[in-house]
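This is what each chain is made of:
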Amino acid sequence: MAADYPWLRKYPSNVRWDVTIPGRPLYTLLDDAERQFPDRPAVDFLGRKYTYAELASEVRKLTTALKALGVKPHVKVGICLPNCPQFIISYFAILRCGATVVNFNPLY
């Protein structure tokens, strides 16, 4: 395998690279983190810390609002934000609606 993927020689020997990762929606990772680590910091932005519980709560609120606006599967929703907590919240909320995230660079 290393002959096909020479970069694997640089990775730790105790890491298995042939593990099958189950297919599931990306937003379920946040759900899992909220369940397992609700009070741990998820985001630290300019001194304001968000726990996994706080982050997930904000995502659920925005998901509800987006669905009320008609966001559903096969809809594309643009995000034009810098790297900030609101981007993370928006990203996961759009995914929870089943929609597609379209990123716009705010520097353009």
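Structure first, text after, so check above.
Residues numbered from 1 in each chain as written. Predicted model: local features only at pLDDT ≥ 70, side-chain atom pairs only at ≥ 80, totals over all residues. Heavy atoms only, no water.

Draft legend 1. View of the pattern of salt bridges. This structure, assessed with the given rule, holds eight salt bridges. Residue aspartate 18 pairs with arginine 16 through a salt bridge whose shortest N-O separation is 3.2 Å. Between aspartate 31 and arginine 96 there is a salt bridge, with the nearest N and O atoms lying 2.9 Å from each other. Here arginine 96 lies in helix 3 (residues 85-96) and aspartate 31 lies in helix 1 (residues 27-36), a separation of 65 residues in the sequence. The class of aspartate 31 is buried, set by a relative accessible area of 18%. One connected set of salt bridges, linked through shared partners, spans Arg24, Asp32 and Arg35. (Salt bridge = Lys/Arg side-chain N within 4 Å of Asp/Glu carboxyl O. Helix = DSSP H or I, 4+ residues; strand = E, 2+ residues; numbered from the N terminus. Buried < 20%, exposed > 50% of the residue type's maximum accessible area, 1.4 Å probe, protein only.)

Draft legend 2. Summary view of unusual backbone geometry. Of note, leucine 46 is a non-glycine position whose phi angle comes to about 50°, a positive value. Backbone geometry places histidine 74, a non-glycine residue, at a positive phi of 75°.

Draft legend 3. Geometry of the environment of alanine 93. You can see alanine 93 is positioned in helix 3. Residue alanine 93 is classed as buried on the basis of its relative accessible area, which comes to 0%. Note: C-alpha distance between alanine 93 and alanine 56 (37 residues apart in sequence) is 9.2 Å. Leaving out residues up to four positions away in the same chain, alanine 93 has contacts with Val59, Leu62, Thr63 and Leu66. (Contact = heavy atoms within 4.5 Å.)

Draft legend 4. Main features of the packing of helix 2 (residues 52-68) against helix 3. Running from N to C, helix 2 and helix 3 cross one another at 55°; their axes reach a closest spacing of 8 Å. Taken together, the axes of helix 2 and helix 3 lie oblique to each other. Both helix 2 and helix 3 take part in a crossing whose hand is right-handed. Judged by residue contacts, Leu55, Glu58, Val59, Leu62, Thr63, Leu66 and Lys67 of helix 2 engage Ile88, Ile89, Ser90, Phe92, Ala93, Ile94 and Arg96 from helix 3. Taken together, the residues of the contact of helix 2 with helix 3 break down into nine nonpolar, two polar and three charged. (Axes fitted to C-alpha atoms, helices over the stretch in contact; angles between N-to-C directions. Parallel < 35°, antiparallel > 145°, perpendicular 65-115°, else oblique. Left-handed = near helix turned anticlockwise from the far one by under 90°. Nonpolar A, V, L, I, M, F, W, Y, C, P; charged D, E, K, R; others polar.)

Draft legend 5. Examining helix 2 more closely. For helix 2, which comprises 17 residues, the first-to-last C-alpha distance of 24 Å matches the rise-based estimate of 24 Å (1.5 Å per residue) to within 8%. Those residues of helix 2 lying buried are Leu55, Ala56, Val59, Thr63 and Leu66. Along the axis of helix 2, the buried residues cluster in a sector spanning 95°; they form a single face. When the buried face of helix 2 is taken as reference, the exposed residues oriented beyond 90 degrees from it are Lys61, Thr64 and Ala68. Residues of helix 2 that are buried in the fold lie against helix 1, strand 1 (41-45), strand 2 (48-51) and helix 3. Immediately beyond the C-terminal end of helix 2, within one or two residues, lies glycine 70, with a positive phi of roughly 100°. (Expected span 1.5 Å × (residues − 1). Arc of directions from axis to C-beta.)

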